[in-house]
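# Observations on the three-dimensional arrangement
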Amino acid sequence: MHLRDFYFNCAANYPLETAYVTGSVQRTWSEVRARTDRLTGALQQLGLRKGDVSAILSHNRTEIAEHWLSCLSGGFVRTGVNWRYSKREALHVIRDSDAKVVFIEARCLSLLEQELDELRKEGRKLVGIGSGHGLEHDYEQLIHQDHPASFPALSDSDGALIGSTSGSTGLPKGVLLTQGNVRESLYHQSL
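## A look at the overall build of the chain
When its secondary structure is counted, the chain shows 8 helices and 9 strands. For 191 residues, the compact-globule estimate of 2.2 N^0.38 gives 16 Å, and the chain sits close to it at 16 Å. Classification of the 191 residues of the chain by burial places 47% in the buried group. Within the chain, residue pairs in contact and separated by at least 24 positions form 66% of the contacts whose partners lie at least 6 positions apart. Across the chain, the centroid of the 21 positively charged side chains sits 3 Å from that of the 23 negatively charged ones.

Structure (structure tokens):
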């Protein structure tokens, strides 16, 4: 069993139960599953395949959870870009992980604004979160396009996320955690 199976089971067994509440936003498990399935399909439509990396640069908000669940669903590898990073560190994390899709919250855009064309030339797709981002793809529009998602078979050795070290002796270094790693970590934290 992988993490996406736990989440799929919650949506199947508790569809009308509240999955989360943040501020004025409240979503049931079935709503979360529908949104993340559509996001997974949209990422696949953008060219992401199992094992490809998707990065997110954002403050703490619901889209971070949906992005993570979509990555688990599609077998993508998720990496976070800390909004407190310098431009040099943020670009390093994106390039070192070879993120094919980069989600950027509108209020974090200034960190990478002068590098957006270069990221595009490198073949990276940019998705804006929130109003006023001006990027070619919009998070909510992707979710509302309703692209069908496929859910590839997963093994414990498949990548799930790349965490970054503190970079105390240089730039942050990516650490790949597998599907098995994150499942066992979550399982043992909940005991």
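Now that the structure has been shown, we can carry on.
## Considerations on the sheet that holds strand β9 (residues 174–178)
The strand order across the open sheet built from 7 strands is β7-β6-β5-β3-β4-β8-β9, with neighbouring strands paired in mixed fashion. At either end of the open sheet lies a strand with only one pairing partner, and these are β7 (137–138) and β9. With 5 bridges connecting them, strand β3 (residues 53–57) and strand β5 (residues 99–105) associate as parallel partners. Bridge assignment links serine 54 to a residue of β5, and that residue is valine 101. Strand contacts of helix α3 (residues 62–74): β3, β4 (77–81), β5, β6 (125–129) and β8 (159–164), with the helix running at about 175° to β3, the strand carrying the most contacts.

## Comments concerning the packing of helix α2 (residues 29–45) against α3
Interaxial distance between α2 and α3 falls to 8 Å at its minimum, and their mutual angle equals 65°. α3 is crossed by α2, and the crossing has right-handed handedness. Residues Val32, Arg35, Thr36, Leu39, Thr40, Leu43 and Gln44 of α2 form the contact with α3, whose own contacting residues are Glu66, His67, Leu69, Ser70, Ser73 and Gly74. When the residues that make up the contact of α2 with α3 are grouped by side-chain class, the tally is 4 nonpolar, 7 polar and 2 charged.

About the criteria used
- Residues numbered from 1 in each chain as written.
- Predicted model: local features only at pLDDT ≥ 70, side-chain atom pairs only at ≥ 80, totals over all residues.
- Heavy atoms only, no water.
- Helix = DSSP H or I, 4+ residues; strand = E, 2+ residues; numbered from the N terminus.
- Rg over C-alpha atoms; globule rule 2.2 N^0.38 Å.
- Buried < 20%, exposed > 50% of the residue type's maximum accessible area, 1.4 Å probe, protein only.
- Contact = heavy atoms within 4.5 Å.
- Lys, Arg positive; Asp, Glu negative; His and termini not counted.
- Charge placed at Lys NZ, Arg CZ, Asp CG, Glu CD.
- Pairing = 2+ DSSP bridges.
- Axes fitted to C-alpha atoms, helices over the stretch in contact; angles between N-to-C directions.
- Left-handed = near helix turned anticlockwise from the far one by under 90°.
- Nonpolar A, V, L, I, M, F, W, Y, C, P; charged D, E, K, R; others polar.

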